[in-house]
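Structural overview
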Amino acid sequence: VLLKFINYMRGNLRVEIRGAAVERFLNLCVTNGVIFWDVERTAPDVLYATIRLEGLFRLRPYARKCMCRVRVMEKRGIPFQTRRYRHRYALLGGAALCLGLIWLLSGFVWTIQLEGCRQMPESELLQLLAQSGLRTGVRSAAVDAVDIKNRVLQQTDQLSFLTVNIQGSHAQVVVRERTDTKSGIDESQPCDVVSDKTGVIHRLRVRAGAAQVKVGETIMAGERIAAGTMISSQQEVWYVHASAEADVRTWHSRTLRLPAEVRRLTPTGSEKVRYALVLGNRRINLYWIESAPFAWYDMKVEKYHLRIDENFRFPITLIRETWQESTVSQAQIDPERARQVLEQRLLENQAARSPDAQVLKRDYIFEEQEGFFQGTLKTECLETTGVAAPVGEVLHDGTDH
Amino acid sequence: VRKPKEKHSLRESIRRAAEQWDLPQDVLLGLSHIELEGDRELLIDHHQGIIEYTAERVQVATREHTLRIEGSELQLVAMNATQLRLRGTVSSLSLLK
């Protein structure tokens, strides 16, 4: 297939070779670099073959030598097809202009893709990037990824990592948000370790400082696990940067409710389609009516970005909005379905609240009340706790040792 | 009494050496390399030209022999200075000295 495509691009000819010594003619041609394919013998003195365009001019002398006559029967390929357009200057000019524009526009950043924004609003990051020199329409060559990274990270403390990848006219910005919740107390400063969870201590690891609790005891959120204030048997006091963590058993109970009756939208089948074009940041509506066409509707928005490939995008987006008319009716929720939905939501909620917790026991209670369904998830978990906090209570005045 | 040494031509010596060391003879001696795919397609490397070409019989010159291919609907699919590809239904192949 590739070979056929190459031959098509270079142009090829179907020729008729007529003569008494066609085999000799073929041999003479191939030894002198003219290649043949699809050779077909139709009569003892007639042969059809396909040759490359440049081969035609080279085989004339050999044809004379072998007393053969060569006639072009068919011309195939791009050189012959483009030949007919050679006097259409406007068309050629337009094509050249188009290529020039593509070349020119490909030197600018047209799309910015953000990855890794979870807590930080994307608009805020885009604003910071714009202030640092990365915005839609800026020249790709003028974007200094290192400089942008340094500037943005200096201006915000929400991010711990940022990288800018420029691929053609597309800028990909990957960020990692700061997730550490430590109080940020320097390791050279004394501190306590307190619990941020309430539960029963299952395991205790104290690396530095004086343990304030024992395994099996109950600890409340805010209570100290290890103190940074150490007292010797001679009642001497000194301070350390305490380091400890405790695995605590915690119990959580969460309840969610779901109304038994919901409003259901049923499509009537009638729909309207609207188009809009977005050029850069400007939206051009390709319709006249502004207001919503139906009282109750469901809207489906499809966006089509103009791009050649993943890295070569244009700032042009076609938006297709399909408005589907619907009627409203009250519908009863199936209790079994409600049970599943509530359980699913509660599990998701639990996973989001304590992502690192190891669930030891789970108990789900589903109740049907008047007008609503209620789901309660009770979990027993094993969680790790221990955050640094400034040294709280000073027992004695003393100097550091 | 020392046994008189057999005298070989250089070409024959190369052939023997190639056989002994398991080296490709077609590369060393420029011999033709013939590949037949089923009875449908035939590839000849290092040919020396076509002697006869019809739909029923094709004769190709190689360095040491003439290769006669007989069959039906034989067609020369591609040909350049070193390679030649034939397609059709091959019924017999013979080497003529």
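Being a predicted model, the structure only gives us computed values, none of them experimental.

**Considering the layout of surface pockets**
Estimated volume of the second largest pocket: approximately 600 Å³. Lining the second largest pocket are 22 residues; nearest its centre among them are Leu3, Asn7 and Trp37 of chain A together with Val77 and Ala78 of chain B. Elements represented by at least two residues in the lining of the second largest pocket include exactly helix H1 (2-10), strand S2 (36-43) and strand S3 (46-52) of chain A together with strand S5 (66-79) and strand S6 (83-96) of chain B. The residue makeup of the lining of the second largest pocket, split by class, is eleven nonpolar, five polar and six charged.

**Digging into the interface of chain A and chain B**
Across the contact, 13 residues belong to chain A and 13 residues belong to chain B. Interface area, chain A with chain B, both sides summed: about 1100 Å², of which 57% is carbon and sulfur. Contact with chain B buries area across many residues of chain A, yet Glu23, Val30 and Val39 of chain A alone supply 41% of it, more than any other trio. In this assembly, chain A and chain B are joined by zero salt bridges. Those elements that provide at least two residues to the side of chain A that touches chain B are helix H2 (22-31) and S2 of chain A.

**A closer look at the packing of helix H6 (residues 122-132) of chain A against helix H7 (residues 145-155) of chain A**
Packed helix pairs are specified by the crossing angle of their axes together with the interaxial distance, meaning the distance between the axes. Residues and elements named next belong to chain A. Relative to each other, H6 and H7 sit at 130°, their axes nearing to 9 Å. Considered as vectors, H6 and H7 are oriented oblique to each other. Viewed along their axes, H6 and H7 form a crossing whose handedness is right-handed. Every residue of H7 that contacts H6 at Leu125, Leu128, Leu129, Gln131 and Ser132 is listed here: Ile148, Arg151, Val152 and Gln155. Residue composition of the contact of H6 with H7, grouped by class: five nonpolar, three polar and one charged.

**Things to note about the packing of H2 of chain A against helix H3 (residues 53-65) of chain A**
All names here are of chain A. Where H2 contacts H3, the axes come no closer than 10 Å and their chain directions differ by 145°. Crossing geometry of H2 relative to H3 is assigned as right-handed. Where H2 abuts H3, its residues Arg24, Phe25, Leu28 and Cys29 lie against Leu59, Tyr62, Ala63 and Lys65. Considering only residue class, the contact of H2 with H3 consists of six nonpolar, no polar and two charged.

The rules we used
Residues numbered from 1 in each chain as written. Chains lettered and ligands numbered in written order. Predicted model: local features only at pLDDT ≥ 70, side-chain atom pairs only at ≥ 80, totals over all residues. Heavy atoms only, no water. 1 Å grid on protein atoms, 1.4 Å probe; cavity = no way out; pocket = protein on both sides within 12 Å on 5 of 7 lines; lining within 4 Å. Points joined across faces, edges and corners; volume = space filled by probe spheres on them. Helix = DSSP H or I, 4+ residues; strand = E, 2+ residues; numbered from the N terminus. Nonpolar A, V, L, I, M, F, W, Y, C, P; charged D, E, K, R; others polar. Contact = heavy atoms within 4.5 Å. Buried area = accessible area lost by both parts, 1.4 Å probe. Salt bridge = Lys/Arg side-chain N within 4 Å of Asp/Glu carboxyl O. Axes fitted to C-alpha atoms, helices over the stretch in contact; angles between N-to-C directions. Parallel < 35°, antiparallel > 145°, perpendicular 65-115°, else oblique. Left-handed = near helix turned anticlockwise from the far one by under 90°.

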